[in-house]
Every structure is written in C-alpha cells, then in structure tokens.
Amino acid sequence: GLGGSRHLISIQGGFRVLGFRGSGVRVLGSWVPVPRFRSSGGLGGRIILPMSIGSTSDLEGLRRTGRVVAETLAAMRAAVRIGMTTAELDGVAAETFARAGARSAPKMTYGFPGTTCISVNDEIVHGIPGPRRLRSGDVVKIDVTAELGGYVADAATTILLPPVEAAVRALQ
C-alpha cells in the first residue's frame, strides 16, 4: 500500500515534497521561500510543501528517477580515482544525467554550482565539486539528487580511497 511516513520530492510546475499520508493526494502546505546559492535559481526560489502520492504512475515516476540516482552513484563509484578532481567526478554524474534525460535538482532549485554534492574527509555533506584532487586515504561522500519527469530522488554513498586507516574503516 501507500501508507507510512516517508517523504519524497516531486517537481511538477513547482517543487512538491511528497509525504505518504494514507491514500489519495493531500496538499499539506503552501508556497514558501527557500535559500538559493545565486539569484537565478531554476524554480524562482519557491517550493510547495507537501502532498501525498496519489497514483501508481507517481510511484513509477519515483522508481525511474531512483534508478537514475542508483546508476549515477554506481558510475561515480566506478570512476573515482586517486588524483582526479571532485569536479571531474561530478562530470561523471553530469554525463549520466544527460544520457537519462535527468537534471540536477540542487542546480535547478538553488543554482548549485555542481551536478552533485561531493565532500572529502572532514568536510560536512553538500560540498561543492571543484579543483580539489583526491588522495589515497580520502573519505569521499557523494550525494546525488536527480529530477526526471517531474520527480526527484536522492541517495548518498561514502567511498574510501585505499589505503585507509583502520579507525576510518570502522566508521563505515
């Protein structure tokens, strides 16, 4: 069934946070401002909060978008190498999104400068990809949020670049 308390995001003429609240569509909020990285945010810096999934086509849209996110994480995991920059790793995501017809939700919504968020070592999540070169022993956190066909899915992973100290490995 569609019961539960999960929250998902859908874009259909605006940003909508979806919440499972039984069956049917229920709008639980209204337009609210959201922070932007620059003034030209893709959705004008407004989101509508939230509504429930109302059909099996909504679920299928979320599944398709989730598959793009999973494929992107797998491609980035396979591509990550010592010596590459976080911008180069982000480029792998941009290519995967382009092949799937997906878009970066953070870029659309906030004008985020990368396709994905990449943080290294002690950096907090949602790092901006750039010229930083990855080194052995680095802990690389990747957060992928894609929009496809009006639906948004998000997932993250952590990659340890060998050799990794035992104490760091224990954190995984």
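Residues numbered from 1 in each chain as written. Predicted model: local features only at pLDDT ≥ 70, side-chain atom pairs only at ≥ 80, totals over all residues. Heavy atoms only, no water.

## Digging into the overall build of the protein
Tallying secondary structure elements over the protein gives four helices and eight strands in all. Reading the protein from its N terminus to its C terminus gives the helix and strand order β-β-β-β-α-α-β-α-β-β-β-α. The buried share of the protein, reckoned over its 172 residues, is 43%. Within the protein, counting contacts between residues at least 6 apart in sequence, those at least 24 apart form 56% of the total. (Helix = DSSP H or I, 4+ residues; strand = E, 2+ residues; numbered from the N terminus. Buried < 20%, exposed > 50% of the residue type's maximum accessible area, 1.4 Å probe, protein only. Contact = heavy atoms within 4.5 Å.)

## Thoughts on the nonpolar core
Proteins that are soluble and globular tend to have nonpolar side chains buried together. Grouped together as the largest cluster of nonpolar side chains are 22 residues, with contacts concentrated most on M76, V80, L89, L134, V140, I142 and V144. Per-element accounting of this core gives the leading share, five residues, to strand β7 (residues 139-148). In contact with L89, not counting residues within four places along its chain, are M76, V80, M84, I118, L134, V140 and I142. (Core = buried A, V, L, I, M, F, W, Y, C linked by side-chain atoms within 4.5 Å.)

## A closer look at the pairing of β7
Taken across its 10 residues, β7 has 10 buried, putting it largely inside the fold. Burial along β7 is two-sided: the residues V139, K141, D143, T145 and E147 and V140, I142, V144, A146 and L148 are all buried. The pairing of strand β5 (residues 103-104) with β7 spans two bridges and is classified as antiparallel. Looking across to β7, one finds that S104 is bridged to A146. Across four bridges, the pairing between strand β6 (residues 117-120) and β7 is antiparallel. Residue pairing across strands places V120 opposite V140, the latter belonging to β7. Where β7 meets strand β8 (residues 151-160), 10 bridges bridge the pair, whose relative direction is antiparallel. Opposite E147, over in β8, you have V152 as the bridge partner. Following β7, the chain reverses through two residues before pairing antiparallel with β8; G149 in that reversal takes a positive phi of roughly 60 degrees. (Pairing = 2+ DSSP bridges.)

## Structural notes on the environment of P113
With respect to the secondary-structure elements, P113 resides in the loop between α3 (105-110) and β6. P113 sits 16 residues away from P129 along the chain, and the two C-alpha atoms are 7.9 Å apart. Ignoring sequence-local partners within four residues, the contact set of P113 consists of K107 and I128.

## Digging into the pattern of salt bridges
Pairing between side chains of opposite charge can happen when the charged atoms of each approach one another. What the rule picks out here adds up to five salt bridges. Between E60 and R63 there is a salt bridge, and its shortest N-O distance comes to 3.7 Å. Taken as a pair, E60 and R63 lie in helix α1 (residues 56-79) at a separation of three residues, close to a single helical turn. Its salt-bridge partner being R67, residue E60 comes within 3.1 Å of it at the nearest N-O pair. According to the relative accessible area criterion, E60 is partly exposed, its value standing at 28%. Residue R67 is classed as partly exposed on the basis of its relative accessible area, which comes to 42%. (Salt bridge = Lys/Arg side-chain N within 4 Å of Asp/Glu carboxyl O.)

Remember that the coordinates give geometry; whether it matters functionally is a separate question.
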